[in-house]
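If you want the building blocks of each chain, they are given just below.
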Amino acid sequence: MSETREKMPEEPKQPEDIRISRTREKVERAEEENQFVTFVIGEETYGVEVLRVQEIIGMTRITHVPNAMSFMKGVINLRGSVVPVVDMRTKFGMAERDYDAFTVIIIVEVRGRMIGMIVDSVSDVVNIPVRSIQDTPHFSAKIETDFIMGIGQVEEKLVIILDVDRIMSSEEMTELDRERTA
Amino acid sequence: MDDTRVLRDVFIREAADILASLESDLVRLEDEKAPELVNDIFRYVHTLKGSSGIAGFKSVYAFTHRLENLLDMVRSGKLAAGREIIDLLLVGLDWIRLAIDSGEEAPGLDEGREGLLKRVEAIIESTAPIPAEAPGGDAGPSEEEMDLGYRYFRIKAGFREDIFETGTDPLMIMEDLFSLGVVVERHTDRKRLPELSAMDPEKCYLGWNLVLKTKSPLQKIDEVFMFVRGDNPISVEDITAQYAISTEDPEIKEKRIGEILVAKGILTDVELNDALKTQDGENTRIGDLVVAKGYATEREVQFALGEQEKIRKRIETSTVRVDTGKLDKLLNLLGEIVIGQSAIAGIAEELDEERGFMLKNALYGLDRTTREFQEQIMSIRMIPIGPSFEQFRRFVRDTAHAHGKEIRLEIDGGETELDKTVIERIDDPLKHMIRNAIDHGIEPASEREAAGKDRNGTITLRSYHQEGNVYIDVVDDGRGIDKVKLRARAEQAGLLKPGEEASEAKLLSFLFLPGVSTAEEVGDLSGRGVGMDVVKNNIESLRGSVEITTRPGKGSTFRIKLPLTLAIIEGMLVRVGRNVYIVPLLSIVESLQPRKEDIRTVKEKGEVIQVRGEYVSLVRLYDLFGIEPEFRNPWESLVVIVEAAGSRVGMMIDELLGQQQIVIKSLENHITKSRAVSGAAILGDGRVALIIDIHGLIEEISR
């Protein structure tokens, strides 16, 4: 009771306080950092928002699915769920490579469904300030710029931040499907 | 904000259940005129009213309030539940449904309500008192019946603060109430009671919430509050069913009839014990005994039996809603446990004999548990088909009336359990078959009478388990299917040559082909010759089948056979190269190793294989799936002859690995456009194997 009373006189000030805290919030948001899981495909480092990553597993036995798109490697058993896996090299139009001890499958969630991305190796979880993420420049990336959300910089390295929804959306896949049939 | 949202969602779900029950009860009321149905209906409407008010559906609340008034008159016997009232109530339900679904925003909602309310008023005004029933007549809830045994009423009584000014003393009212029975629960509402200093002695601050145990009917209690009800918040609710269980029998178990009789004050303990003593063996029923001993009347025992039934129903409905996704997850995890088990079993093989034996024994026990675990999870997915059947009552009634026919719907085996997905998908085919039965199965009343049959037709929906399958019969007692006419139609459609012999089964199977119908005139509802083929396809997609039997002048039976669940199939594991596939056992006819001379290439048909004089297309699975096989010559490999939708093909495989129960997992649509693959399963070693869809495979190769 007494505590509330003591605070009472301050109350009228509140609107102002809120305004101040809001501006502060704005400043903070620009300095806000997002976490990304980074991985390597070929010579480039890519990143995916950490919240989208369900888990990272080692290479496992993949069951081939007939008549699938070339980048769709097949399906795996993820603790009892059947999860499709995509070879990112094929997806990005790079040369295929044998899977080795470093090859991992990053399980991401796209619209409530799980999809695995096969990548050469996983490197780190990094913090990248939102401010330092730039929109896709028109540089000669090996991959379609549609998949890229932006480019971030970690120390001296560039990280290509991928938009998993774009890459893995079923619309995109149905479109591909249509192209193939046409 | 969010809370209201949740509240509304809960209400919408609850309302859907209530509306479904109401609908089926209303239709039953028309046929059976059972008094307890009126009470149930009244209670449903009352609940709907209460919850809609809480959830903020004001318009629904106001409307149900008026319906409740109307029903009250029916319940108290002032109105007879005739066709007019039932029609009105059914249309009323439609309105409520529309209002709830649209969030009270559908166009024309208000006009609809006003129209309906006018009809309600018209009925109430034109009420002619029900003709007094002949004494001994068995229809209608008689006072005597209501008076059997004790009933429990929850009474919530609040009073206006200024009630004393009207000269009414709540205390007198409460005392009146107490004279009717025993108060078994009492809460005094002191919320409005101010501090002593602020109290005005001429004001009433108290309210009561009590449960009265009494033999008096609701009417008597209502009379007590007659003069204060108008402007004071007072509610009286019959809670006998809940109360009897929640307080007297906290373990919610089935009550024995004797216990109910005692609880209701019809029998004393001494009388019951006496009756129990004389009960010899299980064959004598305690109910008969107490009647024979003169402790209770036949009627009282019947009443107790009714109560027992009600308690059973309450037990049945003490359920929890679970997202099926959670069940699937449970099943997935269980599958992983099984895989873990087989890994341990592998280790057990490597241990020394004694310890290996011990470990294997322990695993054997675990295996049994996991098996049962799986069965239990599967059984959660199973729900009784009853509610699905019930929803057809209204459909049958309305459709029959539209045709000027009187048709009764009988339901049998509503407790039969089926996989939820099957139930959801069987609705449409069933509806179609029922519509057919109404439209051209059952004859018009005049024709029926001429044939010496009951004027009213009967359609029976029956469900039962048999040999690991579920059967649903749609039976009508109509004119049967005219085979002569069917034959003519088939010839017309070019399915049969004139004079060609055809068995009854073959003739009837034409009914499922598009464009064949025996209805002479194309009806508004059916008879266009479309539909039965759709029905058949729908049922086959559930891995079921339909079969017709018919007797001229007696009626027809459509028998649907369905698998217990869609989640599990019996599968044959086959190997092609390094890949393992699953072939549904049901579609396998045989497997064989062909001789070189049995393989031919036929123009425009591709490769065929001769099986006992018949030619069957040969499918090179490795070609179709683009994989490396072990054998490329059919005479080295094995050929599995499979069948779907009447056609057969032979699939080339390398090896048969054995038969296994398979839990089906769906594949995302976008993974493959191949129709030959319909799902996947996880094998004992943790590998994923694809399930071959024979139907799709045959379609794919015939393209």
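Residues numbered from 1 in each chain as written. Chains lettered and ligands numbered in written order. Predicted model: local features only at pLDDT ≥ 70, side-chain atom pairs only at ≥ 80, totals over all residues.

When helices and strands are counted, chain B shows 24 helices and 22 strands. Taken over 703 residues, chain B has a buried fraction of 29%. In chain B, of all internal contacts separated by at least 6 residues, the share reaching a separation of at least 24 is 66%. (Helix = DSSP H or I, 4+ residues; strand = E, 2+ residues; numbered from the N terminus. Buried ≥ 20, exposed ≤ 12 C-beta atoms within 10 Å, placed from the backbone. Contact = placed C-beta atoms within 7 Å.)

Time to look at the overall build of chain A. A count of helices and strands for chain A gives 5 helices and 10 strands. Taken across its 182 residues, chain A has 28% of its residues classed as buried. Of the contacts formed within chain A by residues at least 6 apart in sequence, a portion of 55% connects residues at least 24 apart.

In this section: the environment of Asp17(B). Mapped onto the elements, Asp17(B) comes out in helix H1 (residues 2-32). The spatial distance from the C-alpha of Asp17(B) to the C-alpha of Tyr44(B) is 10.0 Å, given a sequence separation of 27 residues.

Looking now at the pairing of strand S9 (residues 469-476) of chain B. Residues and elements named next belong to chain B. Across 8 bridges, strand S8 (residues 457-466) lies against S9 in antiparallel orientation. Within S9, the residue paired with Ile 459 across the bridge is Asp 476. Bridging between S9 and strand S11 (residues 555-563) involves 8 bridges; their strand directions are antiparallel. Within S11, the residue paired with Ile 472 across the bridge is Ile 560. (Pairing = 2+ DSSP bridges.)

This next bit is on the sheet that holds strand S17 (residues 614-620) of chain B. Picture the strands of a sheet paired through backbone hydrogen bonds; they go either parallel or antiparallel. All names here are of chain B. Spatial ordering of the open sheet is given by S14-S18-S19-S17-S16-S15, a layout of 6 strands whose pairing is mixed. The sheet is open, and its two edges are formed by strand S14 (588-592) and strand S15 (599-602), each paired on a single side. Averaged over all neighbouring strand pairs, the angle between strand axes comes to 35°, with direction disregarded. Summarising the sheet, S14 and strand S18 (residues 638-644) pair through 4 bridges and their orientation is antiparallel. Across the sheet, the residue bridging to Ser 591 is Val 640, located in S18. (Axes fitted to C-alpha atoms, helices over the stretch in contact; angles between N-to-C directions.)

Contact residues are listed per partner, giving 25 residues for chain B and 21 residues for chain A. Breaking the side of chain B that touches chain A down by element, the ones donating at least two residues are helix H14 (324-350), helix H23 (621-625), strand S21 (677-682) and strand S22 (688-692) of chain B. Sort the elements by how many residues they give to the side of chain B that touches chain A and H14(B) lands first, with 4 residues. Counted by class, the side of chain B that touches chain A contains 12 nonpolar, 8 polar and 5 charged residues. (Nonpolar A, V, L, I, M, F, W, Y, C, P; charged D, E, K, R; others polar.)

A few words now on the confidence of the model for chain A. All names here are of chain A. On average, residues of chain A carry a pLDDT of 76, and 70% of them reach 70 or more. Considering each helix and strand of chain A separately, the mean pLDDT is smallest for helix H1 (residues 2-7), with a value of 42, and largest for strand S3 (residues 53-58), with 93. Across residues 175-182, where pLDDT falls below 50, the model places 4 contacts with residues more than four positions away in sequence or in other chains. (pLDDT = per-residue confidence, 0-100.)

Residues and elements named next belong to chain B. What the 5 strands build is an open sheet, ordered S20-S12-S13-S22-S21; its pairing is mixed. Taken across any chain shown, the strands that pair with only one partner, and hence form the sheet edges, are strand S20 (655-663) and S21. Strand-to-strand, the axes of this sheet are offset by a mean angle of 35°, without reference to chain direction. Pairing between strand S12 (residues 568-576) and strand S13 (residues 579-584): 6 bridges, direction antiparallel. Within S13, the residue paired with Leu 573 across the bridge is Ile 582.

All names here are of chain B. On the secondary structure map, Val 474 appears in strand S9. Since 24 C-beta atoms lie within 10 Å of it, Val 474 is described here as buried. Expressed as a C-alpha distance, the spacing of Val 474 and Thr 557, which sit 83 residues apart in the sequence, is 5.7 Å. With near-sequence residues (within four places) excluded, Val 474 lies in contact with Leu 430, Met 433, Ile 434, Ala 437, Leu 461 and Phe 558.

Attention now moves to the environment of Arg8(B). Looking at the secondary structure, you find Arg8(B) in helix H1. Distance in space between the C-alpha atoms of Arg8(B) and Ala55(B) is 5.1 Å, their sequence separation being 47 residues.

What follows covers the confidence of the model for chain B. Residues and elements named next belong to chain B. With 87% of its residues at a pLDDT of 70 or more, chain B has an overall mean of 79. Here residues 245-254 is a poorly scored stretch, pLDDT under 50, and it has 11 contacts once near neighbours within four places are set aside; other chains count. Listed scores for the predicted complex are pTM 0.55 and ipTM 0.73.

Turning to unusual backbone geometry, a few remarks are in order. Trans is the prevailing form of peptide bonds, just as negative phi is the prevailing case for residues other than glycine. Positive phi outside glycine occurs at Glu155(A), with the angle close to 50°. Along the chain, Glu155(A) turns up in the loop between strand S9 (148-154) and strand S10 (157-162). Positive phi is not limited to glycine here, since Arg612(B) has a value of about 45°. Within the secondary structure layout, Arg612(B) lies in the loop between strand S16 (606-611) and S17.

Within the largest apolar cluster, 77 residues are counted, with the highest numbers of intra-cluster contacts made by Ile106(A) and Ile692(B). Broken down by element, the residue count for this core peaks at 5 residues, all from S22(B). If you look at the next biggest cluster of nonpolar residues, it comprises 35 residues, including Leu418(B), Ala437(B), Ile459(B) and Phe510(B). (Core = buried A, V, L, I, M, F, W, Y, C linked by C-beta atoms within 7 Å.)

Attention now moves to helix H24 (residues 694-702) of chain B. Residues and elements named next belong to chain B. Within H24, the full set of buried residues consists of Ile 694, His 695, Leu 697 and Ile 698. Taken around the axis of H24, the buried residues stretch over an arc of 165°, which confines them to a single face. As for H24, its buried residues are in contact with S13, S17, S18, strand S19 (647-653) and S22. (Arc of directions from axis to C-beta.)

Let's shift gears to H14(B). An ideal rise of 1.5 Å per residue puts 39 Å on 27 residues; H14(B) measures up with 40 Å between its terminal C-alpha atoms. Residues of H14(B) that are buried sit in contact with helix H15 (353-380), S20 and S21 of chain B. (Expected span 1.5 Å × (residues − 1).)

Before going further, it helps to spend a moment on the pairing of S11(B). Residues and elements named next belong to chain B. Bridge count between strand S10 (residues 545-551) and S11: 7 bridges; the pairing is antiparallel. Across the sheet, residue Glu 547 finds its bridge partner in S11, namely Arg 559. Here S10 folds back onto S11 in antiparallel fashion, the turn holding 3 residues, of which Gly 553 has a positive phi close to 80°.

Once that is clear, we can look at the packing of helix H3 (residues 58-75) of chain B against helix H4 (residues 83-101) of chain B. Residues and elements named next belong to chain B. Contact pair H3 / H4: the axes reach a minimum separation of 11 Å and the direction vectors enclose 160°. Taken together, H3 and H4 sit at an angle that is classed as roughly antiparallel. Between H3 and H4 the crossing geometry is left-handed. On the side of H3, the interface is formed by Ser 59, Val 60, Phe 63, Thr 64, Leu 67 and Val 74, while H4 contributes Ile 85, Leu 89, Gly 92, Ile 96, Ala 99 and Ile 100. Partitioning the contact of H3 with H4 into residue classes produces 9 nonpolar, 3 polar and no charged. (Parallel < 35°, antiparallel > 145°, perpendicular 65-115°, else oblique. Left-handed = near helix turned anticlockwise from the far one by under 90°.)

Before going further, it helps to examine the packing of helix H17 (residues 392-402) of chain B against helix H18 (residues 420-441) of chain B. If you want to describe how two helices pack, look at the angle between their axes and the distance between the axes. Residues and elements named next belong to chain B. Running from N to C, H17 and H18 point in directions that differ by 30°, and their axes come no closer than 10 Å. What the angle tells us is that H17 and H18 run roughly parallel. Once H17 is placed against H18, the crossing between them reads as right-handed. Along the contact surface, H17 presents Phe 392, Phe 395, Val 396, Thr 399 and Ala 400, while H18 presents Lys 431, Ile 434, Arg 435 and Ile 438. Among the residues making up the contact of H17 with H18, the classes are represented as 6 nonpolar, 1 polar and 2 charged.

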